[in-house]
Amino acid sequence: MPPKSEFGRGFVVNLMLLSRHFGLPPERAFYGAADHLNDFTIPEQFRGTEIEELVGRLRKMVIWHQPGTLDREDAADVKRILNRLAIAVDKELGIPDPDTGKYD
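Residues numbered from 1 in each chain as written. Predicted model: local features only at pLDDT ≥ 70, side-chain atom pairs only at ≥ 80, totals over all residues. Heavy atoms only, no water.

Asks: Before we go on, may I ask you to explain the overall build of the protein in this structure?
Replies: The helix and strand tally for the protein stands at four helices and zero strands. Counting helices and strands in the order they occur from the N terminus, the protein gives α-α-α-α. Its C-alpha radius of gyration of 14 Å places the protein within 12% of the 13 Å reference for a compact globule of 104 residues. Considered along the principal axes of its C-alpha atoms, the protein spans approximately 40 × 40 × 20 Å. Taken over 104 residues, the protein has a buried fraction of 34%. (Helix = DSSP H or I, 4+ residues; strand = E, 2+ residues; numbered from the N terminus. Rg over C-alpha atoms; globule rule 2.2 N^0.38 Å. Buried < 20%, exposed > 50% of the residue type's maximum accessible area, 1.4 Å probe, protein only.)

Next up, the structure:
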């Protein structure tokens, strides 16, 4: 049995933890967010799909962000990627018309 993860391990679990960060005000969103990428794992069935590409973009945006610089703009971009990831995962799971809603 692997040791207990400090910042989450998995795919959906880590997406949920990252989403919590980006529910905070932009100037606080990035602090500690990259920690949830340590054991962030893409399931095999999503390899080679739009999901893998979006995860790569998400990783870059979170890891390369310099807190205090463009927080509002970068946080908005990360939120858009998280929404696109949710839609892409639902489509891969067979939901024909996923939608984040009017008041996401």
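Alright, that's what it looks like, and here's the rest.
Asks: Please clarify how the environment of Arg84 should be interpreted in this entry.
Replies: By secondary structure assignment, the location of Arg84 is in helix H4 (residues 71–92). Classification of Arg84 by relative accessible area gives partly exposed; the value is 38%. Considering only alpha carbons, one finds Arg84 and Leu54, 30 residues apart in sequence, at a separation of 7.7 Å. Beyond its immediate chain neighbours, meaning those up to four positions away, Arg84 contacts Glu50, Leu54 and Arg57. (Contact = heavy atoms within 4.5 Å.)

Asks: When you look at the packing of aromatic side chains in this model, what are you seeing that I'm missing?
Replies: What describes a pair of aromatic rings is the distance from one ring centre to the other and the angle between the planes of the rings. Summed over all chains, the structure comprises three aromatic pairs. Taking 5.6 Å as the distance between ring centres and 50° as the angle between the ring planes, the aromatic pair formed by Phe11 and Phe46 counts as tilted. You can see Phe11 sitting in the segment before helix H1 (12–21) and its partner Phe46 sitting in the loop between helix H2 (26–29) and helix H3 (50–64), a full 35 residues away along the chain. Pairing Phe22 with Phe30 gives two aromatic rings, centres 5.0 Å apart and planes at 80°, and the pair type is edge-to-face. In terms of burial, Phe22 and Phe30 fall into one category: buried. By the ring-pair criterion, three or more aromatic residues cluster together here, those being Phe11, Phe40 and Phe46. (Phe/Tyr/Trp six-rings, centres within 6.5 Å; stacked < 30°, edge-to-face > 60°.)

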